[in-house]
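# Descriptive structure summary
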Amino acid sequence: MQDAIRIHVNGQERTWRSGATVADLLQDLDIRTERVAVELNLEILDRAVFGQRQLQSGDRVEILGFIGGGAAAKAKD
Amino acid sequence: MTDDRLVIAGREFKSRLWVGTGKYKDFVETQKAIEASGADVVTVAVRRVNITDRSKDNLLDYIDPKKYTILPNTAGCYTVEDAVRYSRLARAAGVSDLVKLEVLGDERTLFPDTAGLIEAAKILIKEGFIVFPYTNDDPIVAKKLVDIGCPAVMPLAAPIGSGLGIRNPYNLKIIMETVKVPIIVDAGVGTASDAALAMEYGADAVLMNTAIAGAQDPLAMAEAMKYAVHAGRLAYKAGRIPRKLYATASSPIEGML
């Protein structure tokens, strides 16, 4: 049985399996990698390293994508 | 007007109407409105992906990045740091090096913080971004943005979403005369005549969102805007007659009884 880690994903605290990479996390969340940006502890990751970067307990992951927005929408979130 | 393409930073654009993708009922309406507008540049925002409900569709499933130029914005950013961060995230999300840079100064007016805008633009241009700055109708700031390497400037017509139309046509005209890059009038347009006027003054393009998305019939307004921008551009190129106080007869006197 693998150890679990506690991480923050888009501001939500989640328990994940230890040893999981950023690519695993995206796959588990059913998020296609080609249309998102991932920030790990404020560092923007190159898509090429998603499969190598292992998550550690306490990591803060932000996953961002494109939404409708216009001639400057007000911050919605 | 196939010979009247807009070229910015080596990229050719078919349409002089650019549209935002916010405030629509759903993605289907967004898609239909964009199609009706004829726009080939669409702006999008960068936000957290919904990780709890993955059933939600992706905007880019409806707006094909192969068909449209996707222009990510930094809407909602009030600091240089945030605007730079969001620009980098937009690039990392993989569309392109283009960014519509917004550094807002105040929530009530959503006017740009032009000092912050210039600072953020400098940082991003150094990093290889193609920066489209959303700016005030201030000719001095517009010139500074061009001097630091912006390939176009996007002065507002009026506050975002206000629908007030062009509030300072004289400043816009000064910008158009003094700045040697394309001018895209961005924000504040309310209806078709506003867009036509912007083009008649000599704007190279108009960007809008609320005027279309907020109309009672967004698809009809999208189409109206397409014609307005086209008509305004043609009128600008045709060259209007001068305004005169008194009449000039257009029928000959000769041959009258």
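Residues numbered from 1 in each chain as written. Chains lettered and ligands numbered in written order. Predicted model: local features only at pLDDT ≥ 70, side-chain atom pairs only at ≥ 80, totals over all residues. Heavy atoms only, no water.

### Considering the interface of chain B and chain A
Each partner contributes residues to the interface: chain B has 40 residues there, and chain A has 33 residues. Each partner contributes to the roughly 3200 Å² buried at the junction of chain B and chain A, and carbon and sulfur atoms together form 59% of this total. When the area that chain B buries against chain A is broken down by residue, the three leading residues are B:Arg47, B:Arg48 and B:Ile51, summing to 24%. Where chain B touches chain A, the interface holds four salt bridges. Linking chain B to chain A there are ten residue pairs in polar contact (both at pLDDT 80 or more). Every element with two or more residues in the side of chain B that touches chain A is listed here: strand E4 (41-48) and helix H2 (80-92) of chain B. (Contact = heavy atoms within 4.5 Å. Buried area = accessible area lost by both parts, 1.4 Å probe. Salt bridge = Lys/Arg side-chain N within 4 Å of Asp/Glu carboxyl O. Polar contact = N/O pair within 3.5 Å; in protein donor to acceptor, adjacent residues only side chain to side chain. Helix = DSSP H or I, 4+ residues; strand = E, 2+ residues; numbered from the N terminus.)

### Some points on helix H8 (residues 218-238) of chain B
All names here are of chain B. Helix length check: H8 (21 residues) gives 30 Å between terminal C-alpha atoms against 30 Å at 1.5 Å per residue, within 8%. Buried within H8 we find Pro218, Met221, Ala222, Met225, Ala228, Val229, Gly232 and Arg233. Along the axis of H8, the buried positions cluster into a sector of 125 degrees, meaning they face one direction only. Two residues or fewer after H8 comes glycine 239, characterised by a positive phi angle close to 85 degrees. (Expected span 1.5 Å × (residues − 1). Buried < 20%, exposed > 50% of the residue type's maximum accessible area, 1.4 Å probe, protein only. Arc of directions from axis to C-beta.)

### Digging into the confidence of the model for chain A
All names here are of chain A. Per-residue confidence for chain A gives a mean pLDDT of 85; residues scoring 70 or more make up 87%. At the low end of the mean pLDDT range in chain A sits strand E5 (residues 60-68), at 90; at the high end sits strand E3 (residues 37-40), at 95. Confidence drops under pLDDT 50 across residues 71-77; counting only partners more than four residues distant or on other chains, this segment forms 26 contacts. (pLDDT = per-residue confidence, 0-100.)

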